[in-house]
Amino acid sequence: MTGYLRVPDPGDGLRLHLNENTAGCSPRVIEAIRALSATDASFYPDYTAVYEDTAAHLGVPTSRLLLVNGLDEGLHLASFATLRDASGAPAEAVVIEPAFDMYAACAEGAGGRVVTVAPRADFSFPTDETLAALTDRTRLVFLTNPNNPTGQPVPREAIERIAGAAPAALVLLDEAYVEFSGDTMIDGDALDRHPNLVVGRTFAKAYGLAALRVGALVARAETLEPIRRLAPPYSLNVCAAVALRAAIADGDRLRWYQDQVARSKALVYAACDRLGLAYWPSAANFVLVRVGERASELVAGLARRRIFIRDRSGEPGCAGCVRITTGVVEHTEACLEAMEAVLCDEA
Ligand SMILES: *Cc1c(COP(=O)(O)O)cnc(C)c1O
């Protein structure tokens, strides 16, 4: 059984390995946490305001929202709700590779069997291959739009076809990077048409709240009900609850970061073109780059300069690939300068 391999903290330096917001969260978040009183800490939190604000922000009624302690908790809850009490043959969870490690860890932890779908060479979404992987034992399908680590989109009609073809399964659509792709299934009537669709969100990436742990699941009220029943009643601590309200209220901060990400990605593409490296134009805040045989040497060379990127060579379809977080332009420039030094000067 595989678990999520927590990446060791590299210490001081430039963290471009976990897709975090390296500019930090909105200053309003810190103000909101500072404003908490002694009894705010000693009383179990009331979630009325954070549910109302977040639901309004997402454009859904509060009955369609479940706030969780990071989307990771949402993945756990969805896995336990769908896979745990399989009588007879184990319930199956479909994972399209390369995928976020937590999917397999959660599905196996909940007693399910993971069925993987192999990636295509160009990382375009394998719709037919995914449909072919569905069986009468499929209870959960993990989709990630845009994908991590490839940054590639999943077409809307692929999501709808899969949801339609697996009525007995929950389709967990992980939209961790939606603030960069702009492509969501929450808007419109997709949730009404697909009672088995659950959209996952996190405020860890674009909003910079990774350490505070706050995510969300969005689905029809009846779909969320079995998941809500499993969720701890006070899954969000009071700091996360006030932080979330402050973060989503600061639209300027988000737009600034989205612009930084767009400019950083353009810089990475230009550098790759110069260096003759293949890459996949990304809909997220990171870029997967094929460095080839020197991938681990590059990661180590950058680490010596205290710049951390993620070696993804071991992932299916990702031989020779590294993933670089593309956030703050200044940080991207520092990374690219160091990359050119490692790949050229030390050749
Ligand atoms: C980072 C990430 C998450 C985890 O989000 P948390 O809210 O920090 O738990 C989930 N899914 C994907 C695809 C991610 O990249």
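Rules behind the numbers
- Residues numbered from 1 in each chain as written.
- Predicted model: local features only at pLDDT ≥ 70, side-chain atom pairs only at ≥ 80, totals over all residues.
- Heavy atoms only, no water.
- Helix = DSSP H or I, 4+ residues; strand = E, 2+ residues; numbered from the N terminus.
- Rg over C-alpha atoms; globule rule 2.2 N^0.38 Å.
- Buried < 20%, exposed > 50% of the residue type's maximum accessible area, 1.4 Å probe, protein only.
- Contact = heavy atoms within 4.5 Å.
- Areas by Shrake-Rupley, 256 points an atom, 1.4 Å probe, with all protein chains shown as cover.
- Lys, Arg positive; Asp, Glu negative; His and termini not counted.
- Charge placed at Lys NZ, Arg CZ, Asp CG, Glu CD.
- Core = buried A, V, L, I, M, F, W, Y, C linked by side-chain atoms within 4.5 Å.
- Domains from an automatic or database assignment.
- Pairing = 2+ DSSP bridges.
- Expected span 1.5 Å × (residues − 1).
- Buried area = accessible area lost by both parts, 1.4 Å probe.
- Salt bridge = Lys/Arg side-chain N within 4 Å of Asp/Glu carboxyl O.
- Axes fitted to C-alpha atoms, helices over the stretch in contact; angles between N-to-C directions.

(A) Highlighting the overall build of the chain. Counting its regular elements, the chain contains 14 helices and 13 strands. Taking 347 residues into account, the globule formula puts the C-alpha radius of gyration at 20 Å, and the chain, at 20 Å, falls close to it. Dimensions of the chain along its principal axes, counting C-alpha atoms only, are 60 × 55 × 35 Å. Out of the 347 residues belonging to the chain, those deemed buried represent 53%. Nonlocal contacts in the chain, meaning residues at least 24 apart in sequence, comprise 74% of its contacts between residues at least 6 apart. Carbon and sulfur atoms form 53% of the exposed surface of the chain, whose accessible area is close to 14700 Å². Charged side chains in the chain number 33 positive and 44 negative. The centres of these two groups are separated by 2 Å.

(B) Structural context of the nonpolar core. Leu66, Phe142, Leu143 and Leu209 are the most contacted members of the largest nonpolar core, which has 87 residues in total. With seven residues, helix 11 (residues 238-249) is the largest single contributor of residues to this core. Both domains that meet at this core, namely domain 1 (14-22 + 252-343) and domain 2 (27-249), each give it at least three residues. With near-sequence residues (within four places) excluded, Leu143 lies in contact with Ile96, Tyr103, Phe125, Ile159, Ile162, Val171, Leu172, Leu173 and Asp174. With 24 residues, the next largest nonpolar core counts Cys272, Val299, Ala338 and Val342 among its residues.

(C) View of the pairing of strand 8 (residues 215-218). Where burial is concerned, the two faces of strand 8 agree: the one with Gly215 and Leu217 and the one with Ala216 and Val218 are both buried. Where strand 2 (residues 65-68) lies against strand 8, four bridges are found, and the strand directions are antiparallel. Considered in strand 8, the bridge of Leu65 is made with Val218. Relative to strand 8, strand 7 (residues 197-202) runs antiparallel, the two sharing four bridges. Its bridge partner being in strand 8, Gly200 is matched across the sheet by Leu217.

(D) Spotlight on the environment of Ala241. Mapped onto the elements of the fold, Ala241 is located in helix 11. Its relative accessible area of 7% is what places Ala241 among the buried residues. Separated by 64 residues in the primary sequence, Ala241 and Tyr177 have C-alpha atoms spaced 21 Å apart. Once you skip the residues sitting within four places of it in the chain, Ala241 turns out to touch Tyr47, Val50 and Leu236.

(E) Highlighting helix 4 (residues 71-83). The first and last C-alpha atoms of helix 4 sit 18 Å apart over 13 residues, in line with the 18 Å expected at 1.5 Å per residue. All of the buried residues in helix 4 are Leu71, Glu73, Gly74, Leu75, Leu77, Ala78, Ser79, Thr82 and Leu83.

(F) Focus on the domain arrangement of the chain. Domain boundaries in the chain define domain 1 (14-22 + 252-343) and domain 2 (27-249). Taking only C-alpha atoms into account, the centre of domain 1 sits 26 Å from that of domain 2. Domain 1 puts 23 residues into the contact, and the matching count from domain 2 is 23 residues. Roughly 1900 Å² of surface becomes buried between domain 1 and domain 2 when both sides are summed, with 62% attributable to carbon and sulfur atoms. For the pair domain 1 and domain 2, the interface holds zero salt bridges.

(G) Quick look at the pattern of salt bridges. With the rule as written, the count across this model stands at 22 salt bridges. Beyond isolated ion pairs, a larger network of salt bridges with shared partners links Glu92, Arg113, Asp136 and Arg137.

(H) Region of the structure containing the sheet that holds strand 10 (residues 286-290). Here four strands make up an open sheet; going across it, the order is 9-10-13-12 and the pairing antiparallel. For this open sheet the edge positions go to strand 9 (278-279) and strand 12 (310-311), each flanked by a neighbour on one side alone. Bridge count between strand 12 and strand 13 (residues 321-325): two bridges; the pairing is antiparallel. Within the sheet, the bridge partner assigned to Arg310 lies in strand 13 and is Arg323. On the sheet, helix 13 (residues 295-304) packs against strand 12 and strand 13 and is oriented at approximately 35° with respect to strand 13.

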